[in-house]
Amino acid sequence: FFPPAPRTRGMPCGGSVTCGSSKTHSPESLLDIAARKVAEKWPFQRVEERFERIPEPVQRRIVFWSFPRSEREICMYSSFKTGGDEVGSSGENNDETRLPFRRGVALLESGCVDNVLQVGFHLSGTVREPAAPASPPQPCGVSVSFDRCKITAVTCTCGNKDIFYCAHVVALALYRVRKPEQVKLRLPISETLFQMNRDQLQKFVQYLITVHHTEVLPTAQKLADEILSLDSEINQVHGAPDPTAGASVDDENCWHLDEEQVQEQVKLFLSQGGYHGSGKQLNLLFSKVREMLKMRDSNGARMLTLITGQFLGDPRLALWKQQGTTMTDKYRQLWDELGALWMCIVLNPHCKREQKGSWLQQLRRWNSVDACPLEDGNHGSELTHLTNARPQGPHDALARPHRTVFTRAIEACDLHWQDPHLQHIIAQDPVATCCYHDNRHSALFDPRGRPLWHEHVPTACARVDALRSHGYPKEALRLAIAIVNTLQRQQQKQLELFRNHKKDLLHKGVTSTTNPEGWVGHPLDPIGTLFSTLMARTRLGHHPTFPTHRYLDDGESLVCLAVEVALLGLGQQRAMPDGLYAQEKVGRHEEQLLGRLQEVELDDRLVKVFRRQAALLLEAGPHSGLGEMLHRESVPMHTFAKYLFTTLLPHDAELAYKIALRAMRLPVLEPSSDLSRSHHIVSVVTNRYPRWFTLSHVESQQCELASTMLTAAKGDACKLQTVLESIQKNIHSSSHIFKLAQDAFKIATLMDSLPDITLLKVSLELGLQVMRMTLSTLNWRRREMVRWLVTCATEVGVYALDSIMQNWYTLFTPTEATSIVATTVVSNSTVLRLHLDCHQQDNLANSARTLALQCAMKDPQNCALSALTLCEKEHIAFETAYQIVLDAAAATAATGMSYTQLFTIARYMEHRGYPMRAYKLATLAMTHLNLSYNQDTHPAINDVLWACALSHSLGKNELAAVIPLVVKSVKCATVLSDILRRCTMTTPGMVVSALHSRRNSGKLMSLDKAPLRKLLDATIGAYINTTHSRLTHISPRHYGEFIEFLSKARETFLMAQDGHIQFAQFIDNLKQIYKGKKKLMNLVRERFG
């Protein structure tokens, strides 16, 4: 059932076949036809053993036809890319001129290939590099060995070290392919030697030695000695080797691949750790393996074996395992591709049992390596066995060992292609198909007679991938169509079953995902494989060798099937896998598949597919992620639903909204009140609190879906209300709801249209929900949210502003309500924006004052000042706010206001023209203050100085009342001395006459009388205490600073009548008490005597 590999022909070559563009072609001779077939299949040794004597013309034709005739393989082994456009082109219109194949073509077309000679199965020649400006041309000696139309060995003096053939080898090989008639052809050298007599042989050897005596003379003498020795090893063997005589029977027939260079290159790329494009290079190597498999080249598996060995030898694997860290995503994806490629190799339809057994042993060895990566990237995955369509029992699942990236390939070794129904599906013979169809079984065909294939879906799709990878595109397409038909049939049966038992299931509340192994995000990517296979073969729709009418319904196309299977897979209800990498892969595969769907151009047929599949997904039961019954840990459908919504909206808006609204669910965040019910995911996922590492991404996709619906529903009040209710019910993140509110606001207030009041109200409602959600939680964006809400309410209108102030306690903190909300509402900008009349302004102002007083009562520390500001224009409200401040100031330290807050309000009162109220608040603030001796830079010092200045300006009585508070609260000598000097410099009572109609005496206050006498004594005492405190822990570097401090102290002492005597006694006491500090006391004597 599997045809031989089609060989891509290069330019025709042969003795009787004309090359070039000749209009007439003479038919090939029987000799050429036979020689070409022998040259392709038989090693030359077998030909020699079969026939005692082969005529020279026959040998020449076999030797001639043994060289490769296709340029495609040469291109494959000398560049990363191949294709019809590249083969045979000069590369002038391609940027990749540095590829060896491109350079080899250029060398050939530039006439740089000379001295080409074919001796038997060996080709040699000289290839000159174009001369550089400052150096002569560099000739390279090239030799190529070949066998059965494959190049088996290459050498070149250029010293190239790479996986691919160098440009010189390419140039020589292409010369032989394109210009075979210009190549001198000789029989293998052994045949030539056989025709010589003894004298000729001796002359031949002597001339050869003479020409190359410096290189071959030692070897020649050694061989001569061994031949002359009768018991030497060389005389025990019949005949002699001939490098030009072709391959022996035991030689493997495969293209030359430099294994050492493959290993070195992979090792180099891995050591670069993803830098310098190494990941891209490794992906190109994987693509090269796939290309070889498609050409049915045995080097594909050989090359992948070399790559795998280097991957497992990567020292980072053991390091990551030891440290418990995960590998990078890009590196993890390379391992995924490695496992998928081994799946393709072991599923080769033409693979021999011995070869598969060898691969199985190798895979098991790799699988047992301790550092071998696991399939899910994090944990061992409890998934069903690859060859079973149904899951195993729970005990089997729990006992199953961890699955590595090679586990699926190991399991695939048990698969075979001998199933008669499978062979029928992929058969090409219409007669065999008809005969088989006459005896069809109902389970193997649908009612329309189309074949079905019942197998574990990822496994069946792995077969499709293997067929495509090994060069069987039509067979892969037939199997893919059968799988899609089976999936459609199963979907219909599941729907009928759900309809029949819907009431019972909904009543019991049973929810389950019957497929824990989801198809999207699966390691084998089954849906992606089916989609690629169907889309890649769309051009065969009218091809005579692939009559699609046998496989498709009327009006159905391969594109329709591809789209339908993609929708079916994306809509499958499946459990969220364990582990970060597995969960990220689900999202990545979903986005990739949706991206490919978006590239498909919609027509009427595809719209019907979308509508039909969307309706089926909505109506389906637990098998659909968009069905009525959803398991708590199912993969969300937000991204998929957003795509369906935008696609269906122009054609069926009602269906589009049904899909999107149904998909808004996120049950994993819902309260799990029904965990006692029977939630089961068929024996492999137990009830547990889910570890969704990608939850933030899931929520953002949910938000995107909601935003898309809001945008589409603009102007439709009914739909907007429905979307709003869905958002409020299903979205649980305040940041995402806030984003939706902002999006709705932007859409509603676009510059090119009038504001959409309905959408604005939705935006406001969402904003209010955010306020309620974040009121009692810390959120760094809270201030931004409050400002935005006021802006939104302003756009909605006066009633919205009044409403948020009336209900402020459910939306804002007291500080937010007074400092942001009320202040903004009564600002001039709001009045101008809404064009408010006097009545409306008064109503808003009244609401703002009421809010301010309520906030001040609830939080006087933070809201009192704002309340006073908001109530300035209304006397009663202002007095009420002032009384609230006084009551709070008189409260205990734990519940009252701090001195900083009181000083701030006191300064505000003075600024508003209430100095006596300011004075009262300042004295209350002083009672809460305490400045120690060393706090000479305390921020409250300015407030103390201001309070004293205010008291001094009010009059002697007020100053007399405040000084005892200062003496009690301030122990810092420098601050006290500063206050003392300020009180003695000016006359008290600067504003008394204006306030109380009293006359000021105009005399300065005396330091010997109250109240300044008490302040002076306190200041001197503070200096004395501070001095002793400083001397307790003073260091020599602070001596100078201390002497300056004493100088300031002396100035204060001298303000008293007997100050000089007090200071002298103070200095004497210091000398006596601290006489041990000799250096310091000497400095004191020098300055103060």
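What you are looking at is a predicted structure, and each value in this text was computed from that prediction instead of being measured.

### Considering the overall build of the protein chain
Along the backbone of the protein chain there are 48 helices and 7 strands. Scored against the burial criterion, the 1089 residues of the protein chain give a buried share of 49%. Here the analysis covers contacts within the protein chain between residues at least 6 apart in sequence; of these, 73% occur between residues at least 24 apart. Entry remark: accessible area of the protein chain is about 53800 Å², with carbon and sulfur atoms responsible for 53%.

### Here's the deal with the packing of helix H25 (residues 604–619) against helix H27 (residues 653–663)
Where H25 meets H27, the axes come as close as 10 Å, and the angle between the chain directions of the two elements is 40°. It follows that H25 is oblique to H27 by the angle criterion. Here H25 runs over H27; the crossing is left-handed. Across the interface between the two elements, Arg 611, Ala 614, Ala 615 and Leu 618 from H25 touch Leu 655, Lys 658, Ile 659 and Arg 662 from H27. Taken together, the residues of the contact of H25 with H27 sort by class into 5 nonpolar, no polar and 3 charged.

### Quick notes on the nonpolar core
Within the largest apolar cluster, 197 residues are counted, with the highest numbers of intra-cluster contacts made by Leu 534, Leu 710 and Phe 812. Not counting residues within four places of it along the chain, the set of residues in contact with Phe 812 comprises Met 771, Leu 775, Arg 782, Val 786, Leu 789, Ile 804, Ala 817 and Val 821. Listed in part, the 96 residues of the second largest apolar core include Val 47, Phe 67, Ala 167 and Val 177.

### Quick word on the pattern of salt bridges
Counted under the stated rule, the structure contains 41 salt bridges. For Arg 290, the salt bridge identified is with Glu 337, shortest N-O distance 3.1 Å. Pair noted here: Arg 290 is in helix H11 (residues 278–294) and Glu 337 is in helix H14 (residues 329–346), with a separation of 47 residues, a long-range link. Judged by relative accessible area, Glu 337 falls into the partly exposed class, the value being 23%. One salt-bridge network, in which partners are shared between bridges, spans Glu 375, Arg 403, Arg 408, Glu 411 and Glu 517.

### Here we look at the sheet that holds strand E1 (residues 113–119)
The 5 strands are arranged E4-E3-E2-E1-E5 in an open sheet whose pairing can be described as mixed. Whereas interior strands pair on both sides, the edge strands pair on one side only; in this sheet they are strand E4 (150–156) and strand E5 (184–186). Shown here is a sheet whose adjacent strand axes are inclined to one another by a mean of 20°, direction ignored. One ladder, built from 7 bridges, connects strand E2 (residues 122–128) with strand E3 (residues 139–147); its direction is antiparallel. Across the sheet, residue Gly 125 finds its bridge partner in E3, namely Val 142. Helix H3 (residues 56–65) contacts E1, E3 and E5 of the sheet and is inclined by roughly 125° relative to E5.

### Description of the confidence of the model for the protein chain
Low-pLDDT portions of the prediction should not be read for the details of their coordinates. Averaged over all residues, the pLDDT of the protein chain equals 83, while 85% of them reach at least 70. Here residues 540–544 is a poorly scored stretch, pLDDT under 50, and it has 5 contacts once near neighbours within four places are set aside; other chains count.

### Here we look at helix H32 (residues 782–796)
Between the first and last C-alpha of H32 there are 21 Å, a value that for 15 residues agrees with the 21 Å anticipated at 1.5 Å per step. Taken residue by residue, H32 has Arg 782, Met 785, Val 786, Trp 788, Leu 789, Val 790, Cys 792, Ala 793, Thr 794 and Val 796 as its buried positions. The inward-facing, buried residues of H32 abut helix H30 (734–748), helix H31 (757–774), helix H33 (798–806), helix H34 (814–825) and helix H35 (828–834).

### Topic: the packing of aromatic side chains
Considering all chains together, one arrives at 25 aromatic pairs under this definition. Between the aromatic rings of Phe 121 and Phe 146, the centroid separation amounts to 6.0 Å while the plane-to-plane angle is 55°, which identifies the pairing as tilted. Within this pair, whereas Phe 121 is found in the loop between E1 and E2, its partner Phe 146 is found in strand E3, the two being separated by 25 residues in sequence. Ring plane angle 55° and centroid distance 5.9 Å describe the contact between Phe 610 and Tyr 643, whose orientation is recorded as tilted. Remark: Tyr 643 occurs in helix H26 (residues 638–648) and Phe 610 occurs in helix H25; sequence separation between them is 33 residues.

### What about a nonpolar patch on the surface?
On the surface, a nonpolar cluster with roughly 300 Å² of combined accessible area is contributed by Ile 189, Phe 204, Val 205 and Leu 208. Mapped onto the fold, Leu 208 is located in helix H8 (residues 198–211).

### Digging into the side chain of Asn 348
As for its placement among the helices and strands, Asn 348 is situated in the loop between H14 and helix H15 (353–367). You can call Asn 348 buried: its relative accessible area is 18%. Non-local contacts of Asn 348, meaning those with residues more than four positions away in its chain, are made with Trp 417 and His 470.

### Regarding the UniProt feature "domain: SWIM-type" (unreviewed entry) in the protein chain
Taking the UniProt record as the reference, the feature "domain: SWIM-type" (unreviewed entry) is found at residues 142–177. Secondary structure content for residues 142–177 is 31% helix and 36% strand, while the C-alpha to C-alpha distance between its ends is 16 Å.

What counts and how
Residues numbered from 1 in each chain as written. Predicted model: local features only at pLDDT ≥ 70, side-chain atom pairs only at ≥ 80, totals over all residues. Heavy atoms only, no water. Helix = DSSP H or I, 4+ residues; strand = E, 2+ residues; numbered from the N terminus. Buried < 20%, exposed > 50% of the residue type's maximum accessible area, 1.4 Å probe, protein only. Contact = heavy atoms within 4.5 Å. Areas by Shrake-Rupley, 256 points an atom, 1.4 Å probe, with all protein chains shown as cover. Axes fitted to C-alpha atoms, helices over the stretch in contact; angles between N-to-C directions. Parallel < 35°, antiparallel > 145°, perpendicular 65-115°, else oblique. Left-handed = near helix turned anticlockwise from the far one by under 90°. Nonpolar A, V, L, I, M, F, W, Y, C, P; charged D, E, K, R; others polar. Core = buried A, V, L, I, M, F, W, Y, C linked by side-chain atoms within 4.5 Å. Salt bridge = Lys/Arg side-chain N within 4 Å of Asp/Glu carboxyl O. Pairing = 2+ DSSP bridges. pLDDT = per-residue confidence, 0-100. Expected span 1.5 Å × (residues − 1). Phe/Tyr/Trp six-rings, centres within 6.5 Å; stacked < 30°, edge-to-face > 60°. Patch = residues over 30% accessible without salt bridge, like charges linked within 9 Å, V, L, I, M, F, W, Y side chains within 5 Å. UniProt positions renumbered as here; feature names shortened; annotations may be inferred.

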